[in-house]
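The lines below spell out each chain.
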Amino acid sequence: MQFLLFVGANNTLAAEEVSAQIKKATQISPNVYRFEMGSVDEAKIIAERLGSSIKLAVLLEGVIPGAKSIAKEIKAKNFSLSLLGKKENTSKLHQEVKDNLERGRFVIPKDEFGVSPVINKKHKIDEFFLDIENNQVWQTVWVHSFMHWIKKDRHMPHIDPQAGMLPPKIARSMVNLVPLSPEGKILVDPFCGSGRVLVEAAEVGYQIGGTDIVTNQVQDTIENLQSMNFSGKIEVLDATHLSDKFSNIDAIVTEPFLGKSKFRQDEIRYIVPGLEKLYLGCLKDWLKVLKPGGFVVMVFPWFNDGKKEYKTSEIIDGKLKLSYNPLKRGIFYSRPDADVKREIVILQKQ
Ligand SMILES: C[S@@+](CC[C@H](N)C(=O)[O-])C[C@H]1O[C@@H](n2cnc3c(N)ncnc32)[C@H](O)[C@@H]1O
């Protein structure tokens with residue numbers, strides 16, 4: 001069966017997550033991927049697992065983008081039509097389909113991505129995407145669990161936007177960059193903050209562990225995890241000393257300390273060497289705790305002081321290359337105009 005996956009963010013992280021989790025997915029537009037899978041249930045499981053996914057549609061075999069053909073597929077009280085990849089007005093088309101129904105109401109979507117998941121669920125809409133050029137009709141079969149994502153973003157016991165928390169969907173996508181199936185595997189975040197990465201890792205099935213140098217953060221992580229019925233070994237520890245308390249780890253996924261949140265441009269050249277020393281210390285220590293072939297998915301900040309771009313990930317190009325194989329670099333999730341760009345790098349212990 002053929003499927004379309006709509007992703008929320010047009011960034012390299014979403015693209016990387018899709019390609020890591022869905023073999024042979026092809027990007028048909030910046031936010032839409034096409035893939036093949038044995039059943040709708042299987043495709044839904046994959047869509048549910050991804051942080052970047054918003055909506056999933058299946059190709060309706062034998063249905064063509066004509067009013068009569070589409071009308072036959074409508075079972076719900078409400079329906080909505082979009083032209084795949086096109087922003088054109090679809091009012092006339094909606095009316096034509098409605099004329100072929102005994103009863104039914106339509107909702108005109110605001111753009112080519114159809115109605116929002118909230119509207120879709122609230123009004124129980126049968127939603128279709130029409131591909132006129134290829135004579136195909138796709139129907140939405142799944143939308144993301146927005147209430148669950150909002151809960152994790154805004155209603156955990158400990159939320160502190162000032163501390164630079166990762167949005168849960170970004171944390172989930174980072175976890176999904178680890179090329180492992182989670183069951184029975186141990187994933188650790190040595191800079192766990194309030195535990196965003198660990199909540200996502202536990203949700204997809206990893207056994208989890210975490211450390212933070214600040215006692216309160218460790219407590220916050222433990223309580224955030226408890227609120228979701230998860231637990232793990234969470235310790236107060238300097239990330240450069242992970243090997244004091246951990247061993248046999250399959251994967252480390254982390255957004256480390258990225259420097260103080262407010263700084264002047266002329267301070268950058270002093271901030272960067274300190275961060276580089278910290279990251280080098282960590283990556284050296286983590287060699288002792290990672291299993292052979294284990295993975296590190298880590299954020300490296302890029303700074304720009306107007307004269308020069310400081311890419312902290314360049315530390316990997318030194319001696320560390322003997323110990324880690326860089327599988328992927330240049331995955332970004334920050335806005336292009338952000339003060340500090342965040343590059344995600346995937347490393348594998350040699
Ligand atoms: C960018 S935050 C991580 C946020 C986390 N990803 C989240 O979404 O909650 C960095 C964390 O690293 C911690 N930290 C700073 N230096 C550390 C070190 N040397 N070892 C361990 N943790 C450290 C800070 O206390 C902070 O909680």
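Computed from a predicted structure; not experimentally measured. (Residues numbered from 1 in each chain as written. Predicted model: local features only at pLDDT ≥ 70, side-chain atom pairs only at ≥ 80, totals over all residues.)

Draft legend 1. The arrangement of the overall build of the chain in detail. Helices and strands together make up the secondary structure of the chain, namely ten helices and 16 strands. The C-alpha extent of the chain, read off along each of the three principal axes, is 70 × 45 × 35 Å. The buried share of the chain, taken over its 350 residues, is 39%. Taking as baseline every contact in the chain between residues at least 6 positions apart, the subset at least 24 positions apart corresponds to 70%. (Helix = DSSP H or I, 4+ residues; strand = E, 2+ residues; numbered from the N terminus. Buried ≥ 20, exposed ≤ 12 C-beta atoms within 10 Å, placed from the backbone. Contact = placed C-beta atoms within 7 Å.)

Draft legend 2. Structural context of the site of the ligand. Near the ligand there are 20 residues, and of these Phe191, Gly193, Arg196, Ala239 and Phe257 occur at the shortest range. Residue assignment for the shell around the ligand shows that the elements contributing at least two residues are α8 (196–204) and β10 (207–212). Its residues assigned to classes, the shell around the ligand comprises eleven nonpolar, five polar and four charged. (Near = placed C-beta within 6 Å. Nonpolar A, V, L, I, M, F, W, Y, C, P; charged D, E, K, R; others polar.)

Draft legend 3. Looking closely at unusual backbone geometry. For Asn135, which is not glycine, the phi dihedral falls at a positive 55 degrees. Positionally, Asn135 belongs in the loop between β7 (125–131) and β8 (136–143). C-beta crowding within 10 Å serves as the criterion here: with 11 such atoms nearby, Asn135 is assigned to the exposed category. With a phi close to 65 degrees, Asn229 is a non-glycine residue in the positive phi region. Of the residues examined, Asn229 has 7 C-beta atoms within 10 Å and is grouped as exposed.

Draft legend 4. Looking closely at the sheet that holds strand β2 (residues 26–29). Read from one edge to the other, the open sheet built from eight strands follows the order β2-β3-β1-β4-β8-β7-β5-β6, with strand pairing classed as mixed. Only two strands of the sheet have a single partner each, and these edge strands are β2 and β6 (105–106). Sheet analysis places β7 next to β8, joined by four bridges and oriented antiparallel. Looking at the pairing, Asp131 lines up with Gln136 of β8. Running at roughly 165 degrees to strand β4 (residues 53–59), helix α2 (residues 40–49) makes contact with β1 (2–7), β4 and β8 of the sheet. (Pairing = 2+ DSSP bridges. Axes fitted to C-alpha atoms, helices over the stretch in contact; angles between N-to-C directions.)

Draft legend 5. Highlighting the environment of Asn216. Inspection of the secondary structure assignment puts Asn216 in helix α9 (residues 215–227). On the basis of neighbour counts, which here come to 13 C-beta atoms within 10 Å, the residue Asn216 falls in the partly exposed class. Once the C-alpha coordinates of Asn216 and Ala14 are considered, the two residues, 202 residues apart in sequence, prove to be 32 Å apart.

Draft legend 6. Spatial organisation of the packing of helix α7 (residues 168–175) against α8. At their nearest, the axes of α7 and α8 sit 8 Å apart, and the two run at 60 degrees to each other. Taken as axis vectors, α7 and α8 run oblique relative to one another. Note on packing geometry: the crossing formed by α7 with α8 is right-handed. Between α7 and α8, the residues in contact are Pro168, Ala171, Arg172, Met174 and Val175 and Arg196, Val197, Glu200, Ala201 and Val204, respectively. (Parallel < 35°, antiparallel > 145°, perpendicular 65-115°, else oblique. Left-handed = near helix turned anticlockwise from the far one by under 90°.)

Draft legend 7. Expanded view of the nonpolar core. Grouped together as the largest cluster of nonpolar side chains are 85 residues, with contacts concentrated most on Leu5, Met174, Val197, Ala201, Val253, Val297 and Ile344. For this core, the element with the highest residue contribution is strand β13 (residues 290–304), accounting for seven residues. Counting contributing residues, this core receives three or more from each of domain 1 (2–144) and domain 2 (158–349). In this structure Ile344 touches Leu13, Met174, Leu177, Val297, Val299, Ile331 and Tyr333, once residues within four positions along its chain are discounted. (Core = buried A, V, L, I, M, F, W, Y, C linked by C-beta atoms within 7 Å. Domains from an automatic or database assignment.)

Draft legend 8. Fine view of the domain arrangement of the chain. When cut into domains, the chain gives domain 1 (2–144) and domain 2 (158–349). Each of domain 1 and domain 2 has a C-alpha centre, and these two points are 35 Å apart. In this complex, domain 1 contributes twelve residues to the contact, which on the side of domain 2 involves 13 residues. Here the element with the most residues in the side of domain 1 that touches domain 2 is helix α1 (residues 12–21); it accounts for seven residues. A per-class count over the side of domain 1 that touches domain 2 returns four nonpolar, five polar and three charged.

Draft legend 9. Quick look at the pairing of strand β11 (residues 233–236). Across four bridges, β10 lies against β11 in parallel orientation. When the sheet's bridge partners are listed, Gly209 is paired in β11 with Lys233. What joins β10 to β11 is α9, and the crossover it makes is right-handed. (Right-handed = clockwise from strand over helix to strand, strands pointing away.)

Draft legend 10. The packing of α8 against α9, seen in detail. At a closest axis distance of 9 Å, the pairing of α8 and α9 adopts a crossing angle of 30 degrees. It follows that α8 is roughly parallel to α9 by the angle criterion. Between α8 and α9 the crossing geometry is right-handed. The segment α8 lies against α9, with Leu198, Val199 and Ala202 engaging Thr221, Asn224 and Leu225.

Draft legend 11. Quick look at the pairing of β10. For β10, the tally of buried residues reaches five of six residues, placing the bulk of the element in the interior. Looking at chain direction, strand β9 (residues 186–189) and β10 are connected through four bridges and run parallel. Looking at the pairing, Ile186 lines up with Gln207 of β10. The parallel pair β9 and β10, bridged by α8, forms a crossover whose chirality is right-handed.

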